[in-house]
Amino acid sequence: MKQKKKWYDYLWIASLTYLILGFFNILFAWLGLLCFFIPLIISIVKGNKAYCNKYCGRGQLFSLAGGRFGLSRKKDIPGWMKSSYFRYGFLIFFFAMFFLMLWNTYLVFAGAKELRTVVTLLWTLKLPWHWAYHGTLFSSGAAQFAFGFYSVMLTSTVLGFVTMILFKPRSWCVYCPMGTMTQLICKAKNSGSSQP
Amino acid sequence: MIKRKAIVSIRECVACGCCVKVCPRNAIAIPKGIYAEIDKDLCVGCGKCAKECPASIITLEVAEA
């Protein structure tokens, strides 16, 4: 009865590779924009969450690590974490932090601030990351964005890993800002047709 | 004989698709990206989706005859 694996069932390899590449050259962090734009484009154009449902490599990574490798307690997620208040609140918080990162990138682009070769974990911990910086062909702002974006990706992976261990493997999906946002887009796009 | 079917709490569903992936009968779909829909005719009440659901919002309920 097991369904045959499709090509997209292996996208967890891409997600893992992405995280590893960030240790070697931070500029690879730019590739993370794909995980940002593809789900948005799919939800806007097609009006569904095919990205979450099929292509999300991070979800697959959590389901492998938490499922096959047994790194999850598989307990129920607390009620507040799946409430819309928390989901929308986290979306707003995440975006606020994202725009703050963009602002810092802009300041470096504009020359008002020096490039900082650090990765900020959980919005507070500054981890030295200079070994992954080998200069950039473009403005140092391009590198600043890479550090900032990698921080976002690493932070969300760490959060996802913690909730994977504590709760079910793909607990991250419950409060994933991209998931919440694409669901909102789908709601807006499909409003008018049969509502629950 | 008591038959159980999976029921999704539509309001809480995040439409992640974990249930779709584990369903051995392909009885679940997320057509509009808002919530999962279960085909009651195909569902055999195995409970795999309920176990997998990261938000734990799928329950098995006795289907009315």
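It should be noted that the structure appears before, not after, this text.
Residues numbered from 1 in each chain as written. Chains lettered and ligands numbered in written order. Predicted model: local features only at pLDDT ≥ 70, side-chain atom pairs only at ≥ 80, totals over all residues. Heavy atoms only, no water.

S.K.: Even after reading the chapter, I still don't get the overall build of chain B, so can you show me in this structure?
M.R.: Along chain B, the regular secondary structure elements total two helices and four strands. When the helices and strands of chain B are read in sequence order from the N terminus, they spell out β-α-β-β-α-β. A compact globule built from 65 residues should have a C-alpha radius of gyration of about 11 Å, and chain B, at 11 Å, falls within 12% of that. Principal axes of the C-alpha set define a box for chain B whose edges measure 35 × 20 × 20 Å. (Helix = DSSP H or I, 4+ residues; strand = E, 2+ residues; numbered from the N terminus. Rg over C-alpha atoms; globule rule 2.2 N^0.38 Å.)

S.K.: In this structure, what is going on with the side chain of serine 72 of chain A? I would like to understand it.
M.R.: Residues and elements named next belong to chain A. Mapping serine 72 onto the fold places it in the loop between α4 (57–68) and α5 (79–82). Given the relative accessible area of 13%, serine 72 is considered buried. There is a polar contact of 3.1 Å between the side chain of serine 72 and the backbone nitrogen of lysine 74. Sequence-distant contacts of serine 72, that is, excluding residues within four places in its chain, are made with Gly66, Met164, Ile165, Phe167, Lys168 and Pro169. (Buried < 20%, exposed > 50% of the residue type's maximum accessible area, 1.4 Å probe, protein only. Polar contact = N/O pair within 3.5 Å; in protein donor to acceptor, adjacent residues only side chain to side chain. Contact = heavy atoms within 4.5 Å.)

S.K.: Mind showing me how you'd approach the pattern of salt bridges here?
M.R.: Side chains carrying opposite charge are able to pair once their charged atoms draw close together. All names here are of chain A. Counted under the stated rule, the structure contains one salt bridge over all chains. For the salt bridge of lysine 168 with aspartate 76, the shortest nitrogen-to-oxygen distance reads 3.9 Å. One end of the pair, lysine 168, is in the loop between α7 (140–166) and α8 (172–175); the other, aspartate 76, is in the loop between α4 and α5, and 92 residues separate them in sequence. Looking at lysine 168, the relative accessible area reads 5%, which means it is buried. (Salt bridge = Lys/Arg side-chain N within 4 Å of Asp/Glu carboxyl O.)

S.K.: Is there a simple way to explain the interface of chain A and chain B in this structure?
M.R.: Put simply, an interface is often sized by how much accessible area is lost when its parts join up. Contact residues are listed per partner, giving 26 residues for chain A and 27 residues for chain B. The interface formed by chain A and chain B includes zero salt bridges. On inspection of chain A and its partner chain B, the count reaches twelve residue pairs in polar contact (both at pLDDT 80 or more). Every element with two or more residues in the side of chain A that touches chain B is listed here: α3 (50–55), α8 and α9 (177–190) of chain A. Sorting elements by how many residues they give to the side of chain A that touches chain B places α9 of chain A first, with four residues.

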